[in-house]
Amino acid sequence: MAEHVPDASGNFSSLFQFLPIGAYRTSPDGHVLRANPALVALNGFETEAELIQTVRDVAVDWFVEPGRRKEFLDVLLRDGVVRGFVSEVRRVASGERIWISENAHLVRDARGEVLFYEGTIEDITDRVRDRVALQQNTEQLRLLAAQVPGMVYVVHFDLQERRTYQFVSEGIRGLYGVSPQALVDDPDLVVRYRHPDDHMKLSQGLRDALNGTNEFAGEFRIVLPDGAVKWLLRRSTTVRSDETGQLRVGVLIDITERKRVESELLESETRWKLAMEGAGDGVWDWNLETGEEFFSQRIKAMFGYGDDELTNLASEMDRRTHPDDINQMRTDREAHFSGQTAIYRNEHRVQCKDGSWKWVLSRGMVIARDDEGKPLRMVGTHTDITELKMAEVQQRALEMQLRESQKMEAIGTLAGGVAHDFNNLLAAILGNLVLAREDVGPEHVAQESLNEINRAAIRARQLVQQILAFSRRQAQVLERQALLPLVQESLALMRSLLPAGVKMSAQLDERELPVMADATQMQQVLMNLCTNAWQALQGRSGEITVALRLVRLDAARALEVGGISAGSYACLSVADNGPGMEADTQRRIFEPFFTTKAPGAGTGLGLAVVHGIVKAHQGAIAVSSRLGEGTRFDVYLPLASASGPVVARPPAAPVTTPAGATEGRHVVYIDDYEAMVFLVGRLLRKQGYRVSTFTSGESALAWMHANPEPIDLLVTDQNMPGMSGLELSQAVMQLRPGQRIAIVSGHVNDKLLADAAALGVQEVMAKQDSMDALGQAIRQLLEAQLAAS
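The rules behind each value
- Residues numbered from 1 in each chain as written.
- Predicted model: local features only at pLDDT ≥ 70, side-chain atom pairs only at ≥ 80, totals over all residues.
- Heavy atoms only, no water.
- Patch = residues over 30% accessible without salt bridge, like charges linked within 9 Å, V, L, I, M, F, W, Y side chains within 5 Å.
- Areas by Shrake-Rupley, 256 points an atom, 1.4 Å probe, with all protein chains shown as cover.
- Salt bridge = Lys/Arg side-chain N within 4 Å of Asp/Glu carboxyl O.
- Helix = DSSP H or I, 4+ residues; strand = E, 2+ residues; numbered from the N terminus.
- Buried < 20%, exposed > 50% of the residue type's maximum accessible area, 1.4 Å probe, protein only.
- 1 Å grid on protein atoms, 1.4 Å probe; cavity = no way out; pocket = protein on both sides within 12 Å on 5 of 7 lines; lining within 4 Å.
- Points joined across faces, edges and corners; volume = space filled by probe spheres on them.
- Nonpolar A, V, L, I, M, F, W, Y, C, P; charged D, E, K, R; others polar.
- Pairing = 2+ DSSP bridges.
- Right-handed = clockwise from strand over helix to strand, strands pointing away.
- Core = buried A, V, L, I, M, F, W, Y, C linked by side-chain atoms within 4.5 Å.
- Contact = heavy atoms within 4.5 Å.
- Axes fitted to C-alpha atoms, helices over the stretch in contact; angles between N-to-C directions.
- Phe/Tyr/Trp six-rings, centres within 6.5 Å; stacked < 30°, edge-to-face > 60°.
- Polar contact = N/O pair within 3.5 Å; in protein donor to acceptor, adjacent residues only side chain to side chain.
- Parallel < 35°, antiparallel > 145°, perpendicular 65-115°, else oblique.
- pLDDT = per-residue confidence, 0-100.
- Expected span 1.5 Å × (residues − 1).

**Focus on a nonpolar patch on the surface**
Item 1. A cluster of nonpolar side chains, contributed by Ile343, Met365 and Ile367, occupies part of the molecular surface with about 260 Å² of accessible area.
Item 2. Note on placement: Met365 falls in strand 14 (residues 357-369).
Item 3. Owing to a relative accessible area of 39%, Met365 belongs among the partly exposed residues under this scheme.

**A look at empty space enclosed by the protein**
Item 1. Across all of its chains, the model carries six cavities of 30 Å³ or more by this definition.
Item 2. Lining of the largest cavity is provided by 17 residues; of these, Tyr153, Arg163, Tyr165, Phe216 and Arg234 occupy positions nearest its centre.
Item 3. Contributing elements (two or more residues each) for the lining of the largest cavity: strand 6 (150-157), strand 7 (163-168), strand 8 (216-223), strand 9 (229-242) and strand 10 (245-254).
Item 4. With four residues, the single largest contributor to the lining of the largest cavity is strand 6.
Item 5. Taken together, the residues of the lining of the largest cavity break down into 12 nonpolar, one polar and four charged.
Item 6. There is about 150 Å³ of room inside the second largest cavity.
Item 7. Around the second largest cavity, the lining is made up of 13 residues, and of these Val32, Leu39, Val58, Trp62 and Ile121 lie nearest the centre.
Item 8. Within the lining of the second largest cavity, the residues separate by chemical class into nine nonpolar, two polar and two charged.

**Topic: the pairing of strand 26 (residues 741-745)**
Along a regular strand, successive side chains alternate from one face of the sheet to the other.
Item 1. Most of strand 26 sits inside the fold, with five of its five residues counted as buried.
Item 2. Across four bridges, strand 25 (residues 713-717) lies against strand 26 in parallel orientation. By the bridge assignment, Leu714 is partnered in strand 26 with Ile741.
Item 3. Crossover handedness for the path strand 25 to helix 23 (residues 725-735) to strand 26: right-handed.
Item 4. Viewed along the sheet, the connection from strand 26 through helix 24 (residues 750-759) into strand 27 (residues 763-766) turns out right-handed.

**Section: the nonpolar core**
Item 1. Residues Leu526 and Leu529 are the most contacted members of the largest nonpolar core, which totals 39 residues.
Item 2. Elements with a contribution of two residues or more to this core: helix 16 (483-495), strand 17 (502-508), strand 18 (514-517), helix 17 (519-536), strand 19 (542-553), strand 20 (567-576), helix 20 (606-616) and strand 22 (631-638).
Item 3. Counting residues per element, this core draws most heavily on helix 17, which supplies seven residues.
Item 4. In contact with Leu529, not counting residues within four places along its chain, are Val574, Leu607, Val610, Ile621, Phe633 and Val635.
Item 5. If you look at the next biggest cluster of nonpolar residues, it comprises 25 residues, including Trp62, Phe72, Leu76 and Ile100.

**Some details on the pattern of salt bridges**
Item 1. Counting across every chain of the model gives 36 salt bridges.
Item 2. When the shortest N-O distance is used, the salt bridge between Asp307 and Lys300 registers 3.7 Å.
Item 3. Exposure remark for Asp307: the relative accessible area of 44% places this residue in the partly exposed category.
Item 4. Taking the relative accessible area as the measure of exposure, Lys300 reaches 4% and is therefore buried.
Item 5. Each of the salt bridges in this network shares a partner with another, and the network as a whole consists of Arg91, Glu96 and Asp123.

**Overview of the sheet that holds strand 7**
To summarise the sheet geometry, strands pair through backbone hydrogen bonds and adopt either a parallel or an antiparallel arrangement.
Item 1. In spatial order, the strands read 7-6-10-9-8; together these five strands make up an open sheet with antiparallel pairing. Both outer strands of the open sheet, strand 7 and strand 8, are each paired with one neighbouring strand and no more. Adjacent strand axes in the sheet meet at a mean angle of 30° when their direction is disregarded.
Item 2. Alignment of strand 9 against strand 10, held across 10 bridges, turns out to be antiparallel. The residue of strand 10 that forms the bridge with Leu233 is Ile253.
Item 3. The sheet contacts of helix 9 (residues 196-210) involve strand 6, strand 7, strand 8 and strand 10, and relative to strand 8 the element is tilted by about 150°.

**Examining helix 20**
Item 1. Within helix 20, nine of the 11 residues are buried, leaving the element largely enclosed by the surrounding structure.
Item 2. By the burial criterion, the buried members of helix 20 are Leu607, Ala608, Val609, Val610, His611, Gly612, Ile613, Val614 and Ala616.
Item 3. A positive backbone phi angle near 60° is found at Gln618, which sits one or two residues after helix 20.

**Side note on the packing of aromatic side chains**
Item 1. Summed over the entire model, instances satisfying the criterion amount to five aromatic pairs.
Item 2. Relative to Phe85, the ring of Phe72 has its centre 5.6 Å away and its plane inclined at 65°; by these criteria the two rings are edge-to-face. Of this pair, Phe72 sits in helix 5 (residues 67-79) while Phe85 sits in strand 3 (residues 81-90); the two residues are 13 residues apart in sequence, bridging distant segments of the chain.
Item 3. Residue classification places Phe85 among the buried residues on the basis of a relative accessible area of 11%.
Item 4. Ring centres 5.6 Å apart and planes at 50° place the aromatic pair Phe694 and Trp703 in the tilted group.

**With respect to the pairing of strand 22**
Item 1. With six of eight residues buried, strand 22 lies mostly within the body of the structure.
Item 2. In the sheet, strand 20 pairs with strand 22 via eight bridges, with the strands oriented antiparallel. Across the sheet, Asp576 pairs through a bridge with Thr631, a residue of strand 22.
Item 3. Inspection of the sheet shows strand 21 (residues 620-625) paired to strand 22 by six bridges, in the antiparallel sense. Each residue of the ladder has a partner; that of Ser625, found in strand 22, is Thr631.
Item 4. From the end of strand 21 to the start of strand 22, which pair antiparallel, there are five residues, and Gly628 there has a positive phi angle of about 85°.

**Focus on the side chain of Asp712**
Item 1. You can see Asp712 is positioned in the loop between helix 22 (697-706) and strand 25.
Item 2. Here Arg665 takes part through its side chain, which lies 3.0 Å from a polar atom of the side chain of Asp712.
Item 3. Within the structure, Asp712 has its side chain in polar contact with the backbone nitrogen of His666 (distance 2.6 Å).

**A short note on the packing of helix 22 against helix 23**
Item 1. At a closest axis distance of 10 Å, the pairing of helix 22 and helix 23 adopts a crossing angle of 5°. Relative to helix 23, the element helix 22 is oriented roughly parallel. Facing Gly697, Leu701, Met704 and His705 of helix 22, the residues of helix 23 in contact are Leu728, Ala731, Val732 and Leu735.
Item 2. When its residues are assigned to classes, the contact of helix 22 with helix 23 shows six nonpolar, two polar and no charged.

**Here we look at the packing of helix 23 against helix 24**
Item 1. Two numbers describe how helix 23 lies on helix 24: the axes approach to 10 Å, and their chain directions differ by 10°. The angle between the axes of helix 23 and helix 24 places the two elements in the roughly parallel class. Of the residues in helix 24, those in contact with Leu726, Ser729, Gln730 and Met733 of helix 23 are Leu752, Asp755, Ala756 and Leu759.

**Brief notes about the environment of Asn528**
Item 1. Its place among the elements puts Asn528 in helix 17.
Item 2. Along the primary structure Asn528 and Val610 are separated by 82 residues, whereas in three dimensions their C-alpha atoms are 7.1 Å apart.

**As for the confidence of the model for the protein chain**
Item 1. Scored by pLDDT, the protein chain comes out at a mean of 82, with 84% of its residues at no less than 70.
Item 2. Across residues 1-10, confidence stays below pLDDT 50; counting only partners more than four residues off in sequence or on other chains, it has 15 contacts.
Item 3. Between residues 644-659, whose pLDDT stays under 50, and residues either more than four places distant or in other chains, the model counts 15 contacts.

**A word on helix 21 (residues 674-686)**
Item 1. A rise of 1.5 Å per residue sets the reference length of helix 21, with its 13 residues, at 18 Å; its end C-alpha atoms lie 18 Å apart and thus fit the reference within 8%.
Item 2. Taken residue by residue, helix 21 has Met676, Val677, Leu679, Val680, Gly681, Leu683 and Leu684 as its buried positions.
Item 3. Directly beyond the C-terminal end of helix 21, a positive phi value near 95° is found at Gly688.

Given below as structure tokens:
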């Protein structure tokens, strides 16, 4: 400002009276010469005179720091003018501190001497305080930003989307390699670092944010001058939006390492999923926050779905889970979520697209939790275990069948032992009965009672035979024969025995189906099964169906029906449409003496005998029944080979010898049952034989060592305590080579025949039904010996 010479009148108020800011004139020595009303009011006075009288020295009475007046004068004297000189002063009247901005110039006389200073004063206290507060806030922001692992910034966007950075933290150096000031000076600097593939996405995101449609957030890449690529995470939000534009604060964080780990994890998961898929397991990946669940193609195919047919939601799979399995599945999940189990494991059923059910083993693990431990993500596999479950069911059925078989074997062993002893008792009764009838003579009054005893004993003998059939100790003759004619013959007989109202139909394979069978026993099997069927109808009308067919059993089915070998079988079935049986009854149906009939209506041996006969034929029997749907028995008999094995030859035809030719012959008889020994000895002696009897093989052998007397025939029981009949025969053959021996057994089988023949035993006989039959058999053996000699 140029120096002025005052007007002659010295009228100051005409220039400054109405200025809204303070105006003054002071002398070089610091006295106030004039002050306008605004300056008077600024200092807390009513009149200009009060201000002039109070202020003696501006440097002392006005400035907070007296030296500030000297700095002001130095600039004024040097430049002749001062503009915007900021100082802290006191309101003269109150002493309150305020900030002012001062403008002034010199006024000289004609000689160049300083006459006075003129200037203006503006109160800028509010502006200074705002600036200080801003500086403090900026410092606080700087300190706070220094703790954030990244770059914190404050940016203003005008209405043309031009940027102005008001604050940039030091974190920019670690991200972009530039200083905060570089970005402040060049706001588009970071834009040029954007990865080309992310540029359009970021630009669109910014426009959306400025339009208020969403926050400006996300992940993007930058490319540094050296070619290095970094991943950054951006978060920013609006602080203020007005007519000038939008002020936003935000943060940029380096997530390059996290993205690398995620990439490696993804690659690892991909390899894991491929490995699981290759192993036949389906893979699932469950976002527990959103409910989304990725199902691999293997899982979808497992249940019959195409890749686009099953929505990737956990609820979709839960909706297809069997209702009976839901609670346990959720319990197992919660146990894993809560940390009770390290790995989630559950077996459940899932409904397939075609409506069928599959068993799956689901295994998984939570791989992500929040800060409070809440599970966020879980991955795992589904394994199809349907076949395993079916095998387990089958195994349980087989185990039950094995237990039942073992129980039946135990019962059979017990029943056979009891029947054997009972048979000996009956033999003694019947034998003594024969002798008693001879002793009393045919006209004796006791003959009627003896006849009744004989009939009762015969019925008891038949009962014993049934027990022996169940225990498979009954003598049988297996011959290769066609099963079809045998069945047809039996059906013809039974049709005449059917109760009124019962219809019998046959569905018979036209093939003969050869089997190794005892014809009499097989007829008994069919008779017992049919009798059981019409008794099940309980007097009501109904139908019985007899079927014969060829079946081929694989290993699993063969085990299921009775532990037989896989192969071809003739299957004889008897079915009725009666009331059926419950499961408990089916489990006990083959037990001897078990019956559902009323007391006195049955012995409970019919089906037990069938079971024993079938087992003796190397076959199996299975029952299928449901309440209200009837019952079916299936008998499986193995088909015979083209040439059947040699069967035990029938007893030799009687040989005619002169009367009395066998009298005086020496017979040795051994049996552990004393009553039988006594009875047989008495019988043979009455028939003219010399008889030596013993109750053990050991005592007989000792006698033979001590007595070299010739023996015409040695007859021994097979089943005895201590030395058996075979063992005695072996010892006798060593002592007396060529000795004629006959073994008697209640259970003649192929093994006994073979073992006896190997020792040189001439005969193996089934136990006779009567003493007469035993005597006749011994006589025939001696007659055959005489004929041969």
